Amino acid sequence: TRYQQPTDWERETGKTATVRFTHAFAHGITWTLHYRHVTHQDSARGFDVVKFWPGNTMLERRARGQLNHRHYDFGDTYVTVPLDLGFVSKKMLFGAQIGEEVDDFKRLQFYNAPQAPDPLTADISFINPDYSTALPLSAYPLGPLNDRITNYVEKGVYFSDLMTFTKQIKAMVGLRYAGQYM
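All residue numbers refer to positions counted from 1 along the written sequence of the respective chain. Reporting in this predicted model follows two pLDDT cut-offs: at least 70 for local features of residues, and 80 or more for side-chain atom pairs to be given and counted; totals over whole chains, interfaces and linings ignore these cut-offs and use all residues. Note: side-chain values were computed over all heavy atoms of the structure, leaving out hydrogens and water.

Draft legend 1. Quick look at the overall build of the protein chain. Numbering of helices and strands runs from the N terminus, with a helix taken as a DSSP run of H or I at least four residues long and a strand as a DSSP run of E at least two residues long. Scanning the protein chain from N- to C-terminus turns up zero helices and seven strands. What the globule rule says is 2.2 Å times the number of residues to the power 0.38, and the radius of gyration is computed from C-alpha atoms. Its C-alpha atoms give the protein chain a radius of gyration of 27 Å, clearly above 16 Å, the size a compact globule of 182 residues would have. Judged by the C-alpha coordinates and their principal axes, the protein chain covers about 85 × 30 × 25 Å. Categorising residues by exposure relies on relative accessible area from a 1.4 Å probe, with only protein chains included: less than 20% of the type maximum marks a residue as buried, more than 50% marks it as exposed, and the intermediate range marks it as partly exposed. Looking at the protein chain as a whole, 27% of its 182 residues are labelled buried.

Below, the structure is given as structure tokens:
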């Protein structure tokens, strides 16, 4: 059963770009650099279900409009160093990463419609939905609006060592330190 109006909609778009660079040095040492950028936008207009009204046959709905923008920028770089000690061959990895995520969530409308028989009701029966009881979204007040912008930064460093003793016996040790900051 669908509890939104047939005219409700949500649109999403996104774009990504990825770059990778690798350079080989002498003795099998390599350096790699990755960068990824993502932009995303979604917008929605319609009715959200808020709760069941007492009696459990009608749902309260919210007139809702939302516009969200997000972008992500993440980079990672690491050096791989192979080392052969005779009794064990090693492949060590030293790396660091940094990234940023910015979220911009903008409410365009956020109005919890009152219970019937109020003329501004958007109630709908979950047993027998009747979409004609709700007014067009433009007939409802905007409600409490906000534009919430959040910025996250992630940083980390890491090390790992893959040790090969025989074809069947291998061991790995690694350490990572990472943090997220707002």
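Draft legend 2. Molecular detail of a nonpolar patch on the surface. Here a patch means residues that are over 30% exposed by relative accessible area and free of salt bridges, tied together within 9 Å if like-charged and within 5 Å if nonpolar (Val, Leu, Ile, Met, Phe, Trp, Tyr). To measure how exposed things are, a 1.4 Å probe is used in the Shrake-Rupley method; for residues, cover is taken only from the protein chains shown. Within this document, salt bridges are pairs made up of a side-chain nitrogen of Lys or Arg and a carboxyl oxygen of Asp or Glu, the two lying within 4 Å of each other. Taken together, the side chains of L83, L85, F87, F165 and I169 define a hydrophobic patch exposed on the protein surface, amounting to about 500 Å² of accessible area. Inspection of the secondary structure puts F165 in the loop between β6 (147–164) and β7 (170–181). Judged by its relative accessible area of 40%, F165 is partly exposed.

Draft legend 3. Examining the confidence of the model for the protein chain more closely. Taken over all residues, the pLDDT of the protein chain has a mean of 94, while the share at 70 or more is 98%. Here strand β5 (residues 124–125) is the element of the protein chain with the lowest mean pLDDT, 90, and strand β1 (residues 9–24) is the one with the highest, 97. pLDDT measures the predictor's confidence residue by residue and takes values from 0 up to 100.

Draft legend 4. Examining the side chain of Q66 more closely. One can find Q66 in strand β3 (residues 58–84). Q66 gets classed as buried once you look at its relative accessible area, which sits at 11%. Side-chain polar atoms of Q66 contact the side chain of R64, separated by 3.0 Å. Contacts were defined at the residue level, with two residues in contact if any of their heavy atoms lie within 4.5 Å. When near neighbours in sequence (up to four residues on either side) are disregarded, Q66 contacts D42, S43, A44, F105, K106, R107 and L108. Each polar contact in these results corresponds to two N or O atoms within 3.5 Å; when the atoms are within protein, one needs to be able to donate a hydrogen and the other to accept it, and residues that are neighboring in sequence are counted only if both atoms are side-chain atoms.

Draft legend 5. Molecular detail of the packing of aromatic side chains. In summary, the pairing rule links any two rings of Phe, Tyr or Trp, Trp by its six-membered ring, whose centres are within 6.5 Å, and it sorts them by plane angle into stacked for under 30 degrees, edge-to-face for over 60 and tilted for everything else. In this structure the tally under the stated criterion is five aromatic pairs. For the pair F94 and F159, a centre-to-centre distance of 5.2 Å together with 40 degrees between the ring planes defines the contact as tilted. A residue pair is termed long-range when its members are at least 10 positions apart, and F94 in strand β4 (residues 89–112) and F159 in strand β6 qualify at 65 residues. Taking 6.1 Å as the distance between ring centres and 35 degrees as the angle between the ring planes, the aromatic pair formed by Y111 and Y140 counts as tilted. Here Y111, found in strand β4, pairs with Y140, found in the loop between β5 and β6; they are 29 residues apart in sequence, far enough to count as distant.

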